[in-house]
Each structure stands twice: as C-alpha cells, then as structure tokens.
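# Architecture and fold: a report
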Amino acid sequence: QLDWRRFCSDELLALCKAEREVLREAAPSVPATTNFMVMYNFDALDYWRWAPELDVVSNDHYLRSTDPESQIDIALSGDLVRSLAGGPWLLMEHSTGAVNWQPVNRAKNPGELRRNALGHVARGADGIAYFQWRAAKAGAEQWHSAMLPHAGTDSRIWRDVVALGADLKALAEVRGSGSAAEVAIAWDWNARWSLELPSQPSENVRYLDVVRSWYEPLWRAGVAVDFVRPDADLSSYRLVLAPALYLVDDAGAANLTTFASAGGTLVVGFHSGAVDANCHVRLGGYPGAFREPLGVRTDELFPLLPGESLGLSDGGTASLWSERVHLEGAEAVTSYTSGPLAGVPAVTRHTHGEGTAWYLATHPDPATLAGLLDRIRREAGVEPVRET
C-alpha cells in the first residue's frame, strides 16, 4: 500500500511535468504552477517532490465547518506551503464564505473573510485569490460562495472583498518576506501514509492530529515554525521536532541525529523511527532509528483505548499512547503514576554529543504538552517572534 501511494504521487507528478513542458514551449515567459492542497483531509501527493518542479508554489485552502479553531489550520498549512516553496507562495483558491462539498456548509462569521486572508499573508502568501469570481446560478458548484455572490453588490461578502483589496494594497511592503523561524517540524508524506496503514497498534493515532497538537502551543506562544524534510539542512534551527516520524529512512535519521550531536535540541514523539524506508520494523527495540540519540529503549507498546488516560508525575494526564521505556543513558523527566506502567518514564531527556534529545513516549494533555514544549524551547534559546 505504501508503494502504491508513492507510485500514484510519482505518476501524477510525471503528468504534471509533461504538461509543464508543453506550456513552456508554447509560452516560455509564463511561470508554471498547479494547485497544491495541503488541507487537513488531502494527503495523496508527496509535495516535497512536487515543489521543485514548479516556478511558483500554489495552494488551495478551504476550512472545515467542524473545526472550532480553523485559524490554527490556516497557520499550519500556510507554514507548510511556505516551507515547500522555500519562500513566498500563491494562495490560488480559498472561499469568501461557504463551500459546497461538506455535509453542512456554513457561512463565515463577520470579519472571518479578512482574518483568513491576512492569516495566509502572515505565512508568506504573496497573492490572495478566490474561487470563484461570480457565484454560479446553475451546476455542481452553484452553492459555492464567490467574490460577487448571488445577492450582488448589495451584500456583506462584496463589501468585505472590496475592503480586503484595500488591506492588501496597504500591506504591499511585506511582499517577498521570508521566515525567521528557529524551530522546525519534520514533515514527511511517507511517514504520514505509513502511519495510517491498516493493522497499526492504534488506528486512533492520526498523523496530522499529532503534528497539530505539537504545532498549536508554539503558534499560541508566537513562535515561528518551518516544516522540513527529515534530510534537510537544519543548520539554521535551534530546535527540531519530530512528532510523528513513524517512517524515516537512514539518511533522515542520521541527519536528525547529527543535528542533536552538533548542539541542537531534538524532540521525538512516540512511535517515531519505528520503520525504515521500506516500512520494515527496525529490530532491537523502539524507537528504532532514534534509540541511540534518545538514550532509551522500548520493548513493548501499550496504546490506550478511547477515553482511557493515565496519570503523570508532573500532575498532567496522558492519552492515546504509552510504552514501556527503559533508560539507557537518558533521565526521566516525567513518569506514569497509574496503570500497568506506573513508575515507567513517559518523557525523557538525554545529552547527546553537544546537544539534547527529548523523547515523548506518550500523548500528554494539551496544557501539559504546552508547558513541556515551552520549557524545551526556552532551554533551546528560542524566543517568540511576537508577544502573545
């Protein structure tokens, strides 16, 4: 199944490149792009492989009506697209109001059109475009919102669009701005695909849910974040997080390990490093590729049932996952206080070379996770780029 996902992504990329060459021959001065979709529920393509083939990286972004804090999804996806582009990018599509393809297609609240568009600008978008210009009166997307809605110019949407145009003109000086991030999150579509294959220890572990749970407290603290391939150049970062890097190839594992040994701070999440590039388990104990830098070894996994939680020695609780960790050089920062693993380390810290490697062998509650990541980034010397 993993090979099939890779094959589909590569075949579609081959088609995209073939079409690009036709266009370059016909109009060599026109830049080539296509619309990425790094939204919550779209994971079909390995965009790390796609981005270098385009002159401009573009993204479509639509909100989920069921997400009570969709501004976090805007920020996360914007940071991801900027990281794919290596700089400014184009928001090719989003909506002025409701979309037409969710079970319930809610309108946006007052002020939300402006907030969403400027949220993308804040994450490096140098162009803000909408689908669609004029709302269709017939067809499959007749109930998809537009810049000019069915009601015409005497409408809130029209007035909001006009006001947004003035906002964007006033913000023209930020065009071309770069990122000042000292924190990176390792992101890999192969890890995402493989983590969500059938017959995992827990089908409740979802890649993007885990990544977002780590991203959110940094976002709330005003900490700038880039996303990186596991084998990327990490020399400009103080802190690198690997929340859900279930699959990692040898080059990526070595790169992250070297980052820590050279003086960086590496934080690894549970069930990371477990399998190699072929989705084969790395034998000898978990977390596989990261046992040495983390200074731990796990011999058995104890995923938790829905609604089940364990106490932690720092006063917090853990859900979703636990494992029997043995210290092999690391120190226990937090341990379980209940369940079959009472007294077993849940969070560890290890000095590796000139740097530090942390392991979160469970999923702490949001407040506990936020406090832990705050401690780690302060120890790493990372400050917010804005006051909260």
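Data block above holds the structure.
Because the structure is a prediction, the values reported are computed rather than measured.

### Examining the pattern of salt bridges
- Under the definition given, this model contains 30 salt bridges.
- Notably, a salt bridge pairs arginine 24 with aspartate 55, separated by 3.1 Å at the nearest N-O pair. Taken as a pair, arginine 24 in helix H1 (residues 2-26) and aspartate 55 in the loop between helix H2 (47-50) and strand E2 (58-60) lie far apart in primary sequence, 31 residues in all.
- The exposure class assigned to aspartate 55 is partly exposed, which follows from its relative accessible area of 43%.
- One salt bridge in this structure joins aspartate 226 and arginine 82, with 2.7 Å as the shortest N-O distance. With aspartate 226 in strand E6 (residues 225-228) and arginine 82 in helix H3 (residues 70-85), this pair connects stretches of sequence that are 144 residues apart. One exposure class covers both aspartate 226 and arginine 82, and it is buried.
- Each of Arg20, Glu21, Arg24, Glu53 and Asp55 takes part in one network of salt bridges that share partners.

### Here's the deal with the sheet that holds strand E16 (residues 363-364)
- Judged by pairing direction, the sheet is antiparallel, and its 3 strands sit side by side in the order E10-E11-E16 without closing on themselves. The sheet terminates laterally at strand E10 (309-311) and E16, the two strands that pair on one side only.
- Note: strand E11 (residues 317-319) against E16, 2 bridges, orientation antiparallel. Paired with alanine 318 across the two strands is proline 364, which belongs to E16.

### Points about empty space enclosed by the protein
- Under the counting rule described, the total for this entry stands at 3 cavities of 30 Å³ or more.
- Each pocket or cavity is described by its volume, and for the largest cavity that value is around 50 Å³.
- Every residue along the wall of the largest cavity is listed here: Val38, Tyr40, Asp73, Leu76, Ser77, Trp187, Leu208 and Arg212.
- At the level of secondary structure, the elements contributing two or more residues to the lining of the largest cavity comprise H3 and helix H7 (207-220).

### Thoughts on the pairing of E6
- Both faces of E6 are covered, namely the face carrying Val225 and Phe227 and the face carrying Asp226 and Val228.
- Pairing between strand E5 (residues 183-186) and E6: 4 bridges, direction parallel. Following the sheet pairing, valine 183 is matched in E6 by valine 225.

### Quick word on the layout of surface pockets
- The space that makes up the largest pocket amounts to roughly 630 Å³.
- Considering the residues around the largest pocket, the lining is formed by 27 residues, among which Asp79, Gly119, Val121, Ala122 and Arg123 are closest to the centre.
- When contributions to the lining of the largest pocket are tallied by element, the ones reaching two or more residues are H3, helix H4 (112-122) and strand E4 (125-128).
- Split into classes, the residues belonging to the lining of the largest pocket amount to 12 nonpolar, 9 polar and 6 charged.

### Considerations on the packing of H4 against helix H5 (residues 156-170)
- Interaxial distance between H4 and H5 falls to 10 Å at its minimum, and their mutual angle equals 30°. Judged by the inter-axis angle, H4 sits roughly parallel to H5. Note that H4 runs across H5; the crossing there is right-handed. Packed against H4, whose contacting residues are Leu113, Arg114, Ala117, Leu118 and Val121, the element H5 presents Asp160, Val161, Leu164, Asp167 and Leu168 at the interface.
- Per-class residue counts for the contact of H4 with H5 are 7 nonpolar, no polar and 3 charged.

### Things to note about H1
- Over its 25 residues, H1 runs 37 Å from end to end, which matches the ideal 36 Å to within 8%, given 1.5 Å per residue.
- For H1, the full list of buried residues reads Leu2, Ser9, Leu13, Cys16 and Arg20.
- Looking at the buried residues of H1, the elements they touch are H2 and helix H6 (189-195).

About the criteria used
Residues numbered from 1 in each chain as written. Predicted model: local features only at pLDDT ≥ 70, side-chain atom pairs only at ≥ 80, totals over all residues. Heavy atoms only, no water. Salt bridge = Lys/Arg side-chain N within 4 Å of Asp/Glu carboxyl O. Helix = DSSP H or I, 4+ residues; strand = E, 2+ residues; numbered from the N terminus. Buried < 20%, exposed > 50% of the residue type's maximum accessible area, 1.4 Å probe, protein only. Pairing = 2+ DSSP bridges. 1 Å grid on protein atoms, 1.4 Å probe; cavity = no way out; pocket = protein on both sides within 12 Å on 5 of 7 lines; lining within 4 Å. Points joined across faces, edges and corners; volume = space filled by probe spheres on them. Nonpolar A, V, L, I, M, F, W, Y, C, P; charged D, E, K, R; others polar. Axes fitted to C-alpha atoms, helices over the stretch in contact; angles between N-to-C directions. Parallel < 35°, antiparallel > 145°, perpendicular 65-115°, else oblique. Left-handed = near helix turned anticlockwise from the far one by under 90°. Contact = heavy atoms within 4.5 Å. Expected span 1.5 Å × (residues − 1).

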